[in-house]
Amino acid sequence: MREYLSKLLVFAIVLYIVLFLVDYAYSAMIRTSNWRPVEAWEDVVNGNIHADVVALGSSRGWVQIDPHIIDSVLCVNSYNLGIDGSEINRQVQKYEIFRKRNPKPRLIIQNIDVWSLGYTIGYEKEQFFPFFWDRDIRKTFYRTEPFTWGEKYIPFFRYHGMNPMLFFHRSPRTLYKGYQGQVGVWNGEAFEQQETIIFHVNDTTLRMFDSFLDQAEEDSVKVVFVYAPLFSGATEKISNRDLMYETYRKLADKHSIPVLDYTDMWICRDTAYFYNAMHLNKTGAEIYTDSLANDLKRLDVF
Amino acid sequence: MVFNSIEYAIFLPLVFALYWFVFNKSVKVQNLFIVIVSYIFYGWWDWRFLFLIAFTSFCSWMSGLLIQKYSQQGKKAKAVSTANIVLNLAILGVFKYYDFFATSFAHVFLGGKTEGLLLNIVLPVGISFYTFQALSYSIDVYKGKIEPTKDIVEFFAYVSFFPQLVAGPIERATNLLPQFQRPRIFNVDMAVDGSRQILWGLFKKMAVADKCAVFVNEIFSTYQSQPGSNLLLGAIMFAFQIYGDFSGYSDIAIGTSKLFGIKLMRNFNVPYFSRDIAEFWRRWHISLTTWFRDYIYIPLGGSRCSKAKIVRNTFIIFLVSGLWHGANWTFIAWGAYHAVLFLPLILLGKNRKYKEVVASDKLFPSVGEVFRILMTFLIVVIGWVIFRAESIGQAWEYLCGMWQWDTLRAGYQLFIQRNLISRTGVVLMMVLFEWLNRKNEHGLDLQAVKSPLVRYGIYIFVILALMISVENSPSQFIYFQF
């Protein structure tokens, strides 16, 4: 029995060491792939972003604010830090890591929506897998996201079920300065399943957002709140829109933040500029960003 | 509790430690402990069915004692044995087949009206397995092959031994019961090999079967809109799914038993390397096939009788085998399909042509052997479509659609899109390991590899492949439903 248990123990130790090394090598390889969420994090953690303007938001920031246009209209260097499927809690966490590793921007374009004050965890948590060895990401997301015990403590286990060919995905890059325009046509999705929609404010997210705005003030980084275009059919279904707007208005007043609202922009009534009710396609994004950039210019935020 | 669960990962080491370190004072104590943990293991699904397994075990145990008591009075002993068989089959019939036959009866005679006719009882997990195991005991006692045991705990341990309780191998009292009667001494080599076999079983279940299942389920649920090449690919994937699932379970069961000093019979012996259908049936679900052979086929006269009786016996054994798998006409059709394939071989006396494993004295098979293996595999795959389908009509439509080759390109695209490269990768890995170990008991039998470094390398490679392949939502073992 002692011999068997010794063999098991030795094997377990060897296995753990090998898994540890494989995990490290595999993570490093995946970080060199063009897998979209990894690309979005790579520039942030490597400190490659030297931007005057950064855009924060969910997919409505990521696919709708085009840095090409911001750069050309404002004559600045901009970067889109949008994070798909996120609410403000995750966006703020991403900005915190950005702030530690990259030079401060001069302006933050904060995309806000009536649902942004919820609390997102779990969505596409795989994007954090290759960054397990990054201290800041581990400290930030491996505490808040729903990782299982095995994913946290058994090396390599967190990659189970993922496409093992992922690291063969190479150039071309899928993102331009964090942005990815979507060449899609309207798919008819406009909250058809729901009669009315009510959104709620999560206290933790609200506190995080308030602290983030305090920090920006302290860092002398200007912030602009932006309501991006939303397809008109969808806007009508949101029943507590005014209440959510009021929450943002109080925050804007407290921190002296200008608010730009594009939810009633002319493109909101034309499906030609959307691929679904919540997202502009590439054409719509370019029109919207151009309008946004010119409004920022007029606001003279620099 | 299933083998590929966190609960089992805690349960097994705990039971192992208690078995060898705490309850190792006597065989009786160890047997009692096995019964208790086996009942916990089984009760994890539904504790109410514990009464059923206890009742089945008790009746079979009592019948053994009564058969011995009336051994001088042939008629009484036969009556007891028959009563026990009828009782066990009645329980199985009520729980597993009643609703099926009632529905079929209603369709034929009552215009499909089943109101008040169906029992709608939940099928107890593994009922077919433990019922057959209990039956084999009383039949063997009646035939004088084994002495009945007076120790009820020992018998309950034999019927409920947790590694093989819910999906076999269906053990014989002649093999398993004596192992519960003698003291067990921990054997390092046996335990190490058991651990390897558990790892191999987990790989087959979690990396191969579960990975194939995702694709197979999609193809079978949308078969009407799938091109022929996808249907063929879906059928082939199902062949590997069911093999990985069931033989994986058997490997885990046999491997686990080895940790407890108990040797179970082999249940699969590289069936997909068979050169004809008769060889396939000697290598697939061996414990069930030999059960039917010993308790139905041979008593009916086997193949040592007239040609007409051989045909009858062959059909009976395959139809019963089909019905054993489930209460659906598809299983009966699957049995009939195999009977038709098997019959020419047995009538021509060629059913025992291939006794040794293919290419037993060389590394690679000949071209002719490869051809025979592929042809056998193909006809087995066709059978699996009938087995997997929800109705005879669906099986027919699927099989007809499978041969439309004009859409090969669509299949290729699906192959690329659906990450089939990694799915086929694990299947090929399983086939390679099993080929290299085809003369050994399981695919990870590395006793011949002397270098510990190489052995460790192979284990770690398998674990890595398992970790990366395992699906986020593991599925239930297919054979639990039988």
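In this text the structure is predicted, and so the values were computed from the model without any measurement. The numbers attached to residues start from 1 for each chain and follow its sequence in the written order. Going through the entries in the order they are written, you letter the chains from A and number the ligands from 1. Where totals are concerned, whole chains, interfaces and linings use all residues; where local detail is concerned, this predicted model gives features only for residues with pLDDT of at least 70, and gives and counts side-chain atom pairs only at 80 or more.

**Section: the overall build of chain A**
Helix and strand assignments come from DSSP, with helices taken as H or I runs of at least 4 residues and strands as E runs of at least 2, each series counted from the N terminus. Counting its regular elements, chain A contains 11 helices and seven strands. Here the globule rule is a power law, 2.2 Å times the number of residues to the power 0.38, and the radius of gyration is based on C-alpha atoms. In terms of overall size, chain A behaves like a compact globule, its C-alpha atoms giving a radius of gyration of 21 Å where 302 residues would be expected to give roughly 19 Å. Dimensions of chain A along its principal axes, counting C-alpha atoms only, are 75 × 45 × 40 Å. Buried means a residue has 20 or more other C-beta atoms within 10 Å of its own C-beta, exposed means 12 or fewer, and partly exposed covers the counts in between; C-beta atoms are placed from the backbone. Each of the 302 residues in chain A was classed as buried or not, and the buried ones make up 37%. Residues are treated as contacting if the C-beta atoms built from their backbones sit within 7 Å of each other. Partitioning the intrachain contacts of chain A with sequence separation of at least 6 by distance along the chain shows that 83% fall at a separation of at least 24.

**Focus: the nonpolar core**
All names here are of chain B. Think of a nonpolar core as buried Ala, Val, Leu, Ile, Met, Phe, Trp, Tyr and Cys residues, each tied to the set through C-beta atoms within 7 Å. Residues Tyr158, Phe203 and Val208 are the most contacted members of the largest nonpolar core, which totals 196 residues. A total of 17 residues in this core trace back to one element, the largest contributor, which is helix α8 (residues 188-221). Apart from residues lying up to four places away in sequence, Phe203 is in contact with Val208, Val462, Ala465 and Leu466.

**Let's talk about unusual backbone geometry**
Residues and elements named next belong to chain A. Of note, Glu124 is a non-glycine position whose phi angle comes to about 50°, a positive value. Along the chain, Glu124 turns up in the loop between β3 (107-111) and α6 (135-144). By C-beta crowding, Glu124 is classed as partly exposed, having 15 other C-beta atoms within 10 Å. With a phi angle near 60°, Ser220 is a residue other than glycine that sits in the positive phi range. Take Ser220: it is sitting in the loop between α8 (203-218) and β4 (222-227). Its 8 C-beta neighbours within 10 Å are what place Ser220 among the exposed residues.

**Overview of the pairing of β3(A)**
Residues and elements named next belong to chain A. Taken across its five residues, β3 has five buried, putting it largely inside the fold. Of the two faces of β3, the one lined by Leu107, Ile109 and Asn111 and the one lined by Ile108 and Gln110 are each fully buried. Two strands qualify as a pair provided that DSSP identifies no fewer than 2 bridges between them. With four bridges connecting them, strand β1 (residues 53-56) and β3 associate as parallel partners. Bridge pairing links Val53 to Leu107 in β3.

**Observations concerning the pairing of β4(A)**
All names here are of chain A. Here β4 lies mainly inside the structure; six of its six residues are buried. Where burial is concerned, the two faces of β4 agree: the one with Lys222, Val224 and Val226 and the one with Val223, Phe225 and Tyr227 are both buried. As defined by bridge partners, β3 adjoins β4 across five bridges and the pair is classed as parallel. Bridge assignment links Ile109 to a residue of β4, and that residue is Val224. Where β4 meets strand β5 (residues 259-261), three bridges bridge the pair, whose relative direction is parallel.

**Things to note about the sheet that holds β5(A)**
Residue and element names in this part refer to chain A. Strand order in the open sheet formed by five strands is β2-β1-β3-β4-β5, with parallel pairing between adjacent strands. Each edge of the sheet is formed by a strand with only one pairing partner; in this case those strands are β2 (78-80) and β5. With strand direction ignored, the average angle separating the axes of adjacent strands in the sheet is 20°. As paired strands, β1 and β2 are joined by three bridges and run parallel to one another. Along β2, the bridge assignment pairs Val54 with Tyr79. Whenever a helix is involved, its axis is fitted only over the stretch in contact; in every case the axis is a line through C-alpha atoms, and angles between N-to-C directions fall within 0 to 180 degrees.

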